[in-house]
Amino acid sequence: MFSFIDDIPSFEQIKARVRDDLRKHGWEKRWNDSRLVQKSRELLNDEELKIDPATWIWKRMPSREDIAARRQRDFETVWKYRYRLGGFASGALLALALAGIFSTGNFGGSSDAGNRPSVVYPIE
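Here is what the cut-offs are and how they apply
- Residues numbered from 1 in each chain as written.
- Predicted model: local features only at pLDDT ≥ 70, side-chain atom pairs only at ≥ 80, totals over all residues.
- Heavy atoms only, no water.
- Helix = DSSP H or I, 4+ residues; strand = E, 2+ residues; numbered from the N terminus.
- Buried < 20%, exposed > 50% of the residue type's maximum accessible area, 1.4 Å probe, protein only.
- Areas by Shrake-Rupley, 256 points an atom, 1.4 Å probe, with all protein chains shown as cover.
- Patch = residues over 30% accessible without salt bridge, like charges linked within 9 Å, V, L, I, M, F, W, Y side chains within 5 Å.
- Salt bridge = Lys/Arg side-chain N within 4 Å of Asp/Glu carboxyl O.
- Polar contact = N/O pair within 3.5 Å; in protein donor to acceptor, adjacent residues only side chain to side chain.
- Contact = heavy atoms within 4.5 Å.
- Phe/Tyr/Trp six-rings, centres within 6.5 Å; stacked < 30°, edge-to-face > 60°.
- Lys NZ or Arg CZ within 6 Å of the ring centre and 35° of its normal.
- Expected span 1.5 Å × (residues − 1).
- pLDDT = per-residue confidence, 0-100.

What about the overall build of the protein?
Counting its secondary structure elements, the protein contains 7 helices and 0 strands. Across the protein, helices and strands are ordered from the amino to the carboxyl terminus as α-α-α-α-α-α-α. Buried positions account for 5% of the 124 residues belonging to the protein. Accessible surface for the protein amounts to roughly 12100 Å². Of this, 62% is attributable to carbon and sulfur atoms.

See below:
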């Protein structure tokens with residue numbers, strides 16, 4: 001008798017298939033070349049970090065001047081695109097308002113919902 005259980009691949013076969021597909025499409029190379037993997041390997045191989053993590057972190061802490069410069073740069077970026085951000089915010093607000101109007105049916109629906117229900121059940 002035929003059994004579908006015999007056709008189910010084992011965990012090792014699935015892992016091998018996925019590994020082959022990743023190699024075939026080049027995803028393994030892209031993953032290894034990514035900034036995340038490169039930075040994690042760099043940190044894992046950093047001898048100073050292994051010996052004294054507190055000093056390593058303290059050396060790389062930004063100064064007040066660096067933080068102020070970053071804050072100023074971020075503010076300038078936001079100020080540069082203020083019209084785009086304003087347009088996006090007003091469009092999102094309009095979309096929310098329209099969704100509220102069209103989902104309730106009669107521009108809010110709460111003012112006359114008590115005395116005129118939209119669903120009328122027959123009296124038996």
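Some remarks on a nonpolar patch on the surface
A cluster of nonpolar side chains, contributed by Ile-14, Val-18, Leu-22 and Trp-27, occupies part of the molecular surface with about 370 Å² of accessible area. Of the residues forming the nonpolar patch, the biggest block, 3 residues, is contributed by helix H1 (residues 11-25). The residue Ile-14 is located in helix H1 in this model. Ile-14 gets classed as partly exposed once you look at its relative accessible area, which sits at 42%.

Side note on the side chain of Asp-46
Mapped onto the elements of the fold, Asp-46 is located in the loop between helix H3 (35-44) and helix H4 (47-51). Only 2.8 Å separates the side chain of Asp-46 from the side chain of Trp-56, close enough to count as a polar contact. If sequence neighbours within four positions are ignored, Asp-46 has contacts with Trp-56 and Arg-60.

Comments concerning the packing of aromatic side chains
The tally for this structure, following the rule as stated, stands at 1 aromatic pair. Positioned over the ring face of Trp-27 is Arg-30, at 4.7 Å from the centre of the ring.

Brief notes about H1
When the terminal C-alpha atoms of H1 are compared, their 21 Å separation across 15 residues agrees well with the 21 Å that a helix rising 1.5 Å per residue should span. Within two residues after H1, Gly-26 carries a phi angle of roughly 80°, on the positive side.

Quick word on the confidence of the model for the protein
Low pLDDT marks stretches whose predicted atomic positions should not be read closely. This prediction gives the protein a mean pLDDT of 84; 81% of its residues lie at or above 70. Helix H6 (residues 64-80) holds the highest mean pLDDT among the elements of the protein, 94, whereas helix H2 (residues 27-32) holds the lowest, 86.

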